[in-house]
Amino acid sequence: MLERRVLVTNRLGLHARAAARLVRTASAYQSTIKLARTDGSVVADAKSILSVLVLAAARGTELLLTVAGIDEEAALAALCELFERKLGEERD
Amino acid sequence: MSRRVKSERAEQFWRGVTVAEGLAQGRVLRLHGGATKSVYRATLAKSDIEREVQRFKAAVELARNQLLGIKERAELALGAEHAYIFEAHLLMLEDRKLLDEVEVYIRRERANADWAVRVAADRLLAVYAEIKDDYLRERSSDIEDVTRRLLDALGGAPRERRLTRDAVIVAEELMPSAAAELDFSHVRAVATDAGGWTSHTAIIARGLGIPAVVGLRELYRHARTGDEIIVDAIRGEVILHPAERTAARCREEIAGMRPAERSALKFAHAREPLRTLDGVEIVLRANVELPAEYEGVRRYGARGVGLYRTEFLLAQRGRMPTEDEQCAAYAEVAALAGADGAKVRLFDLGGEKIGADDGSTERNPALGLRAIRYCLRREDVLRTQVRAILRAAAGGRLELVLPMISDVAEVRRARRIIEEERAGLRRAGHEAGDVQIGAMIEVPAAVLMADKLARTVDFFSLGTNDLVQYLLAVDRGNDDVADWFRTLHPAVLQSIKRTLDAAEGAGIPVNVCGEMAATPAYAVILLGLGARDLSMTSASIPRVRRTLAGVDAARARVIADECLACETADEAEELVRVRLGTEWAGLFLPGSLPAPKPRP
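Scoring rules and cut-offs
Residues numbered from 1 in each chain as written. Chains lettered and ligands numbered in written order. Predicted model: local features only at pLDDT ≥ 70, side-chain atom pairs only at ≥ 80, totals over all residues. Helix = DSSP H or I, 4+ residues; strand = E, 2+ residues; numbered from the N terminus. Contact = placed C-beta atoms within 7 Å. Buried ≥ 20, exposed ≤ 12 C-beta atoms within 10 Å, placed from the backbone. Pairing = 2+ DSSP bridges. Axes fitted to C-alpha atoms, helices over the stretch in contact; angles between N-to-C directions. Parallel < 35°, antiparallel > 145°, perpendicular 65-115°, else oblique. Left-handed = near helix turned anticlockwise from the far one by under 90°. Nonpolar A, V, L, I, M, F, W, Y, C, P; charged D, E, K, R; others polar. Core = buried A, V, L, I, M, F, W, Y, C linked by C-beta atoms within 7 Å. pLDDT = per-residue confidence, 0-100.

S.K.: Which parts of the structure should I look at to understand the overall build of chain A?
M.R.: Secondary structure assignment for chain A yields 3 helices and 4 strands. Each helix and strand of chain A, placed in order from N terminus to C terminus, yields the pattern β-α-β-β-α-β-α. Put simply, of all contacts in chain A between residues at least 6 apart along the chain, 72% involve residues at least 24 apart.

S.K.: Honestly, the overall build of chain B in this entry has me stumped. Any pointers?
M.R.: Counting its secondary structure elements, chain B contains 25 helices and 17 strands. Within chain B, the proportion of its 600 residues that are buried is 46%. Of all intrachain contacts in chain B linking residues separated by at least 6 positions in sequence, the fraction that spans at least 24 positions is 67%.

S.K.: Which parts of the structure should I look at to understand helix H22 (residues 520-529) of chain B?
M.R.: Because an α-helix packs 3.6 residues into every turn, residues spaced three or four apart end up facing the same way. All names here are of chain B. The buried count for H22 comes to 10 of 10 residues, which makes it a mostly enclosed element. All of the buried residues along H22 are Pro520, Ala521, Tyr522, Ala523, Val524, Ile525, Leu526, Leu527, Gly528 and Leu529. A positive phi of about 115 degrees marks Gly530, the residue just after H22.

S.K.: Is there a simple way to think about the sheet that holds strand E2 (residues 17-20) of chain B in this case?
M.R.: Either a parallel or an antiparallel arrangement is found when strands of a sheet pair, and the pairing is made through backbone hydrogen bonds. Residues and elements named next belong to chain B. A sheet is described by the order of its strands in space; here 8 strands give the open sequence E1-E8-E7-E3-E4-E5-E6-E2, paired in mixed fashion. The sheet is open, and its two edges are formed by strand E1 (12-15) and E2, each paired on a single side. When strand polarity is set aside, the average angle formed by the axes of neighbouring strands in this sheet is 30 degrees.

S.K.: Just to check I follow, could you spell out the packing of helix H1 (residues 16-27) of chain A against helix H3 (residues 72-84) of chain A for this structure?
M.R.: Residues and elements named next belong to chain A. The contact between H1 and H3 brings their axes to 10 Å, and the two run at 165 degrees. Overall, the two elements H1 and H3 adopt an arrangement that is roughly antiparallel. Between H1 and H3 the crossing geometry is right-handed. Residues Arg21, Leu22, Thr25 and Ala26 of H1 form the contact with H3, whose own contacting residues are Ala78, Leu79 and Leu82. When its residues are assigned to classes, the contact of H1 with H3 shows 5 nonpolar, 1 polar and 1 charged.

S.K.: Can you help me understand the nonpolar core in this one?
M.R.: Among soluble globular proteins, nonpolar side chains are generally buried collectively. Counting 135 residues, the largest nonpolar core has Val168, Ala212, Ile389 and Leu526 of chain B as its most contacted members. Here the element with the most residues in this core is H22 of chain B; it accounts for 8 residues. In this structure, Ala18, Ala19 and Ala75 of chain A together with Leu124 of chain B belong to the second largest nonpolar core, which totals 61 residues.

S.K.: Explain the environment of Ala205 of chain B to me, please; I cannot follow it from the model alone.
M.R.: All names here are of chain B. As for its position among the elements, Ala205 is in helix H7 (residues 200-208). For Ala205, a count of 30 C-beta atoms within 10 Å translates into the label buried. In contact with Ala205, not counting residues within four places along its chain, are Val19, Ala20, Val190, Ile210 and Ala212.

S.K.: Help me understand the sheet that holds strand E3 (residues 43-45) of chain A, please; the structure alone is not making it clear to me.
M.R.: All names here are of chain A. Strand order in the open sheet made by the 4 strands is E1-E4-E2-E3, with antiparallel pairing throughout. Among the strands making up the open sheet, the edge pair consists of strand E1 (2-7) and E3. Ignoring strand direction, the axes of neighbouring strands in this sheet form an average angle of 25 degrees. In this sheet, E3 lies alongside strand E2 (residues 32-37) in antiparallel orientation, the contact comprising 3 bridges. Counted as the bridge partner of Ala36 is Val43 from E3.

S.K.: Sorry if this is basic, but what is going on with the confidence of the model for chain B here?
M.R.: Interpretation of the predicted coordinates at a detailed level should be avoided for regions scoring low in pLDDT. Residue and element names in this part refer to chain B. Confidence along chain B averages 84 in pLDDT terms, with 83% of residues attaining 70 or more. Residue range residues 1-8 is modelled with pLDDT below 50. Its contacts to residues more than four positions away, or to other chains, number 7 contacts. Residue range residues 355-359 is modelled with pLDDT below 50. Its contacts to residues more than four positions away, or to other chains, number 6 contacts.

S.K.: Looking at this model, I keep getting lost on unusual backbone geometry. Mind explaining?
M.R.: Leaving glycine out, the prevailing phi sign among residues is negative, and the prevailing peptide bond configuration is trans. One non-glycine residue, Lys86 of chain A, lies in the positive phi region at around 55 degrees. Along the chain, Lys86 of chain A turns up in the segment after H3. Here the phi dihedral of Arg110 of chain B falls at roughly 50 degrees; this positive angle occurs in a residue that is not glycine. Looking at the element boundaries, Arg110 of chain B is found in the loop between helix H3 (96-109) and helix H4 (113-130).

S.K.: I would appreciate a short explanation of the pairing of strand E15 (residues 459-463) of chain B in the present structure.
M.R.: Put simply, side chains in a regular strand alternate between the two faces of the sheet. Residue and element names in this part refer to chain B. Across the 5 residues that make up E15, a large majority, 4, are buried. As judged from the 4 bridges shared by strand E14 (residues 436-441) and E15, these two strands associate in the parallel manner. Looking across to E15, one finds that Met440 is bridged to Ser461. Pairing of E15 with strand E16 (residues 510-513) involves 4 bridges; the strand directions are parallel. Note on E16: the bridge partner recorded for Gly463 is Cys513.

S.K.: Can you help me understand the packing of helix H19 (residues 464-471) of chain B against helix H20 (residues 490-506) of chain B in this one?
M.R.: All names here are of chain B. Two elements in contact, H19 and H20, have axes separated by 10 Å at closest approach and are oriented at 125 degrees. It follows that H19 is oblique to H20 by the angle criterion. As H19 packs across H20, the resulting crossing turns out to be right-handed. Every residue of H20 that contacts H19 at Leu467, Val468 and Leu471 is listed here: Ala491, Val492 and Ser495.

S.K.: I'm lost on the environment of Val457 of chain B in this one. Help?
M.R.: Residues and elements named next belong to chain B. Mapped onto the secondary structure, Val457 falls in the loop between helix H18 (450-454) and E15. Taking the C-beta count within 10 Å as the criterion, Val457 has 24 such neighbours and is therefore assigned buried. Sequence separation of Val457 and Val408 is 49 residues, and the distance between their C-alpha atoms is 9.4 Å. Beyond its immediate chain neighbours, meaning those up to four positions away, Val457 contacts Val411, Ile437, Gly438, Ala439 and Ile508.

Shown next, in the form of structure tokens:
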């Protein structure tokens, strides 16, 4: 199991379009992928858009990303990269 | 709202917010049941459970296919920016959290799938209702949208809606997917309980020139499919069960208002030159951004495209479009505009639209790195766009507009780059068309330097929205200062006059774009100030055309001169209200003139 703290940096936060991108990315992997608010109040299944939206993660929110499974390293790398790219939201 | 109790059919009146102007009469088509479609509980025999689960899965598949189709159509018509919501809907339909819950419920409770879907959705909605976040509460309408689609799919209800020719859509809120599915060529008007100026419905309605009024509380609850209804999206009113007298007056007004729109044959009139009563020729062009608006350009007889906003190309893809993609888009607009040509404005990007690389946002984006400043800073972006325009201009008439010019030096730099790219294209064996180059006049500095600028460009585009904002230092998106946004402020009128005079002195044309030109009363003042070339949302063209055809340029000039001499915006508005209302009483409906100011 791998863990990493990620930061929501795009302007609108984890809104529908960003969440859709996150869910599409997560769904490409076998591993179980969870995103949690750091206070533990909400834990979301990263492959469920309904669950991810409930995180209500605004810009500046820190989330705990947990990945467990046979392709956990690849999944973690892909998701961290997505967060670093501001969830694909900020464009050139 | 006044309601008489005696007869069910008594005339009922609502006031709302106009999001797309026009006037229409027709019959109500209620869309999408109330907040919850009635769903009944049935208990299944054990032997039926497996079949019910299969029925549910088939419904999910059907709904999914519908959504894929909707998403594709919406991307074409509105761009990825507006279509992304259907990607979220698709993911909701595929969401294990929802699917598993429904399936488990069917098996455990031996419930019919419809009931199980409703229960699962209501549980989800309850979770969202707990969250104190406006954005997420909005998402509950997406969950509701997906739920209804699933329920419809389960019922085998055909989603294709057969619209009568006189359909007026009445809904609590027009869900984005429902809006994208409608065959809008059959819709006369739209009236909804909720919604706003920027809703999908509003954007589509404006693009197609369909009158739309929103914010009509409880209209949906009172209206029944088949009821007679008038949507007056000029005054922002809706009348249900109009009395015969009201209906007759409305028919008369429609007949008087838009004679050119009633049949394809009569559209021909719209192409004839527009002249004022004293014979001054006026050119009306279309402002265009979304492909959904192209149809309106043809329908309303625009003389080409006065302003093509290219930012959509970026919003559509969520990335910078390539040279070839841009070239194809510009060629399409050139073909649409025909011999009258299209003025292509360089990317008016900045602040919000691009987002800063380091995640920081400008404190003051309206005054920040935007429009021509952004283009000159990001020369790679500018050069790509210029090449695309020059190439497309080889096959059609295009002009190029430099946005937010405040200094002659910016024009010179842009011109040099354009010339370099033209030479480069020719060296590479590409055809490059001749393109006239114009400056947007929207910054006070440009107004003051207009005589100098006029000698460096081929034409001016006078952007009144931004000019008012910058001249009066009023953010037009800020409701708190909305009272200071005064289009008829003497400073605005003097700036317009000064710009028109400078252009005349240098012998170059001026196209006035911006919402000011689309408002008949203001269009008359623009005429009086000397404007002869106006550009607006195409749906506004028939109204402005009818107004300008009914006035004298000479008399408009007298009124405009009086406005120029006013001391306050209040004074100018009062003058316009009184003078236009008396000179051309038949042309100006009470709601179409500045409202009288209550005396303090």
